[in-house]
Amino acid sequence: MKHPVLKGKRGIIFGALDEQSIAWQVALAAKDAGAHFTLTNAPVALRMGKTHELAGLCHTIVIPADATSTEDLETLFRQSMVYLDGSIDFVLHAVGMSPNVRKKKSYTDLDYNFFQKTIDISALSLHKVLQTAWQLDALSESASVVALTYIAAQRSFPGYGDMADAKAALESIARNFGYYYGSRKKVRINTVSQSPTRTTAGNGIQGFDTFFSYADQVAPLGNASAASCADFCVLLFSDYTRMITMQNIYHDGGFSSAGMPSGLQDQ
Ligand code: NAI
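Reading the values: the criteria
Residues numbered from 1 in each chain as written. Predicted model: local features only at pLDDT ≥ 70, side-chain atom pairs only at ≥ 80, totals over all residues. Heavy atoms only, no water. Patch = residues over 30% accessible without salt bridge, like charges linked within 9 Å, V, L, I, M, F, W, Y side chains within 5 Å. Areas by Shrake-Rupley, 256 points an atom, 1.4 Å probe, with all protein chains shown as cover. Salt bridge = Lys/Arg side-chain N within 4 Å of Asp/Glu carboxyl O. Helix = DSSP H or I, 4+ residues; strand = E, 2+ residues; numbered from the N terminus. Core = buried A, V, L, I, M, F, W, Y, C linked by side-chain atoms within 4.5 Å. Buried < 20%, exposed > 50% of the residue type's maximum accessible area, 1.4 Å probe, protein only. Contact = heavy atoms within 4.5 Å. Near = heavy atom within 4 Å. Polar contact = N/O pair within 3.5 Å; in protein donor to acceptor, adjacent residues only side chain to side chain. Nonpolar A, V, L, I, M, F, W, Y, C, P; charged D, E, K, R; others polar.

### Looking at a nonpolar patch on the surface
- Residues Y179, Y180 and M246 make up a contiguous nonpolar surface patch of roughly 340 Å² in combined accessible area.
- Inspection of the secondary structure puts Y179 in helix 7 (residues 163-185).

### A word on the nonpolar core
- In this structure, I13, F37 and L92 are the most contacted members of the largest nonpolar core, which totals 34 residues.
- Within the residue set of this core, elements represented by two or more residues are helix 1 (22-32), strand 2 (36-40), helix 3 (51-58), strand 3 (88-93), strand 4 (139-149) and helix 10 (226-237).
- Considering every element that reaches this core, the biggest residue donor is helix 10, with eight residues.
- Beyond its immediate chain neighbours, meaning those up to four positions away, L92 contacts I12, I13, F14, A23, V26, V146, L148, C233 and F237.

### Overview of the site of the ligand
- In the vicinity of the ligand there are 28 residues, among which S21, N41, K167, T197 and T199 approach most closely.
- Contact distances for the ligand include 2.9 Å between an oxygen atom and a backbone N or O atom of I22.
- In the environment of the ligand, an oxygen atom lies 2.8 Å from a nitrogen or oxygen atom belonging to the side chain of K167.
- Alone, the ligand offers 820 Å² of accessible surface; in the complex the protein occludes 93% of this.
- Within the residue set of the shell around the ligand, elements represented by two or more residues are strand 4, helix 7 and helix 8 (200-203).
- In terms of residues, the shell around the ligand owes the most to one element, helix 8, which gives three residues.
- The class makeup of the residues in the shell around the ligand is 15 nonpolar, eleven polar and two charged.

Have a look at this one:
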């Protein structure tokens, strides 16, 4: 165990599909930090991915839930509270999918049924998670909710398609729900804006390699890995960040503040 900063804390981790998933790394880091948590993913992802393998490594259970279904989410919270024997101290929302991106539909030729799915899965799902928790009173005092996002919410990155709009909505939901949950129970809600990362979701973006290497060159620290993102999420789940809420925090090696690729001046 590195630092047991999550000792005694109970959590729910969404979105671990395989070893590359950011959520996979978060689960391992949270376990290392002393947390107990349940894992969840969409039923179809559970059939294709390796979430059950991760559950074995973390000595926990997997509770299937489509993050767009409030019924599934209610079951998830109820079963998690029974299994973990108490209310929930942290939640990781690492859920994202765009059928338009998957089908390589350009931003100027979107399928609007797909667009609604993108928004439902990648943004509204955070509201549904929070509203379900709110109505069940499932989160503890000062609990921490973290959702993963990308800088395409602020700047345009061709190829990211309608996921950019979904991320903008996701960040807005975190801010707005953060107000209500903070006032009610001191619950913190933040988004972490992560560097391009080689995962199933990441690799689905058109021109991902260009995104990845451009960001890696511009960021003075280079791209942040999934493992370093996981460490940061653990910090956000911990009591050390109990006064941080309603923020979008860049975890990107400095990319968002850098004006030119590092080393360009020397050239
Ligand atoms: P991933 O593909 O490993 O994880 C995405 C997860 O979303 C999968 O586990 C998938 O099963 C789950 N999911 C999709 N539809 C769902 C549904 N209806 N209900 C429940 N779960 C569902 O990829 P990654 O990259 O680890 O993605 C996690 C989060 O990180 C996403 O929000 C993604 O947008 C975000 N992110 C990823 C970056 C990257 O470059 N990979 C950069 C910045 C943010």
